[in-house]
Amino acid sequence: MDDQPQLAYIGMGRMGQAMAKNLVEKGNLDKPLILFNRTRSRADETSQELKHATAADTIADVILAHDITGKHFVDCSSVLPHITDQIARKVLEAGAEFVAMPVFGDPSMVVSGSLICVPAGAVSSVARIKPYTVGVVAEAIVDLSSEAPSKATLLKVIGNVIILTTIETVAETHVFAEKTGLGTTHMQSLIMTLFLRPLHAIYTRKMTSGD
């Protein structure tokens, strides 16, 4: 990218460390990635491991003091939509850009770069971060460009409902199979065979198309 910006990543939990690693290894960064973590030692360890990264002492160091005019914030937090709106409003009023981008995927999917990102915000703001999504930290995006940032976290909440109800359904079917004497082996075979087909995608198309 021409005139590549200085990138920084805040939060070195399992997800953050893996996303920072992918940014360094696949993001073609000209400048070392700045890392910040509440526990400084974790940022130090990660920066040493990644080589093309440096740890910051404070949040202020990450955003280069108090003037954030022209800076670009991407929030990957899974929070309630009204919290996203509050954060977005403060950032935008201070003259910076803001994109909410919650992600779907567990730490193993972060490591493999197979996350699904859900960016929302101004079209130009989302466009600026797209080069760091698919092929870098993500496998695909659900693009909510031009939507309010809170729409991204709302979709994350609803998506989590799908995930949690699926987990509950799978657990209950295994218990049902075990209690009735069928056994979990046959249930596992059915699930692994049946769900090779994208059933959720099949049914959502039928429901929304009137089929």
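Residues numbered from 1 in each chain as written. Predicted model: local features only at pLDDT ≥ 70, side-chain atom pairs only at ≥ 80, totals over all residues. Heavy atoms only, no water.

*Asks:* Tell me what's going on with the overall build of the chain, and back it up with residues and numbers.
*Replies:* Each helix and strand counted, the chain has nine helices and 10 strands in total. Dimensions of the chain, computed from C-alpha atoms along their principal axes, come out at roughly 65 × 40 × 30 Å. Across the 211 residues of the chain, 34% fall into the buried class. A fraction of 58% describes how many contacts in the chain between residues 6 or more apart in sequence connect residues 24 or more apart. Summed over all atoms, the accessible surface of the chain reaches about 12,700 Å², with 59% contributed by carbon and sulfur. Averaging the coordinates of the 19 positive side-chain charges in the chain and doing the same for the 22 negative ones gives two points 3 Å apart. (Helix = DSSP H or I, 4+ residues; strand = E, 2+ residues; numbered from the N terminus. Buried < 20%, exposed > 50% of the residue type's maximum accessible area, 1.4 Å probe, protein only. Contact = heavy atoms within 4.5 Å. Areas by Shrake-Rupley, 256 points an atom, 1.4 Å probe, with all protein chains shown as cover. Lys, Arg positive; Asp, Glu negative; His and termini not counted. Charge placed at Lys NZ, Arg CZ, Asp CG, Glu CD.)

*Asks:* So what's going on with the nonpolar core? Which residues, and what values?
*Replies:* Counting 27 residues, the largest nonpolar core has Leu-23, Leu-33, Leu-35 and Val-137 as the members making the most contacts within it. For this core, the elements supplying multiple residues, two or more each, are helix 1 (14-26), strand 2 (33-36), helix 2 (40-50), strand 3 (53-55), strand 7 (115-117) and helix 6 (123-129). The dominant element in this core, judged by the number of residues it contributes, is helix 1, at five residues. One finds Val-91, Ala-120, Leu-144 and Ala-152 within the second-largest nonpolar core, a separate group that totals 11 residues. (Core = buried A, V, L, I, M, F, W, Y, C linked by side-chain atoms within 4.5 Å.)

*Asks:* Outline the sheet that holds strand 6 (residues 103-104), listing residues and values.
*Replies:* Strands sit in the order 6-7-9 across an open sheet of three strands; the sheet is mixed. Across the chains shown, the open sheet's two edge strands, defined by having one partner strand only, are strand 6 and strand 9 (138-141). (Pairing = 2+ DSSP bridges.)

*Asks:* Account for the sheet that holds strand 1 (residues 8-10), naming residues and giving values.
*Replies:* Strand order in this open sheet of three strands is 1-2-3, and the pairing throughout is parallel. The open sheet has two edge strands, strand 1 and strand 3, and neither has a second partner. When the angles between neighbouring strand axes are averaged without regard to direction, this sheet yields 25°. Note: strand 1 against strand 2, three bridges, orientation parallel. (Axes fitted to C-alpha atoms, helices over the stretch in contact; angles between N-to-C directions.)

*Asks:* Can you explain the side chain of Thr-153? Please cite residues and give values.
*Replies:* Assignment of secondary structure puts Thr-153 in helix 7 (residues 149-179). A residue is classified by how much of its surface remains accessible, and Thr-153, at 2% relative accessible area, is buried. A polar contact is formed between the side chain of Thr-153 and the backbone oxygen of Ser-150, at a distance of 3.1 Å. The contact partners of Thr-153, leaving out residues within four places of it in the chain, are Ser-77, Val-79, Leu-80, Pro-81, Thr-84 and Pro-102. (Polar contact = N/O pair within 3.5 Å; in protein donor to acceptor, adjacent residues only side chain to side chain.)

*Asks:* Kindly report on the side chain of Asp-75, identifying the contributing residues and their values.
*Replies:* Tracing the sequence through the fold places Asp-75 in strand 4 (residues 72-75). No salt bridge is formed by the buried Asp-75. Its closest oppositely charged neighbour is Lys-90, at 12 Å. Polar side-chain contacts of Asp-75 include one of 2.6 Å to the side chain of Ser-77. When residues no more than four places from it in sequence are discounted, the contact partners of Asp-75 are Ile-87, Phe-98, Val-99, Ala-100, Met-101 and Pro-102. (Salt bridge = Lys/Arg side-chain N within 4 Å of Asp/Glu carboxyl O.)

*Asks:* Explain the packing of helix 1 against helix 2 to me, and be specific about the residues and the numbers.
*Replies:* Close contact between helix 1 and helix 2 brings their axes to 11 Å; oriented N to C, the two are set at 30°. As summarised for this structure, helix 1 and helix 2 are arranged roughly parallel, according to the angle between their axes. In this structure, the crossing between helix 1 and helix 2 has a hand that is right-handed. Contacts between helix 1 and helix 2 involve Gln-17, Ala-20, Lys-21 and Val-24 from the first element and Arg-42, Thr-46, Glu-49 and Leu-50 from the second. Each residue belonging to the contact of helix 1 with helix 2 can be placed in one class, and the counts come to three nonpolar, two polar and three charged. (Parallel < 35°, antiparallel > 145°, perpendicular 65-115°, else oblique. Left-handed = near helix turned anticlockwise from the far one by under 90°. Nonpolar A, V, L, I, M, F, W, Y, C, P; charged D, E, K, R; others polar.)

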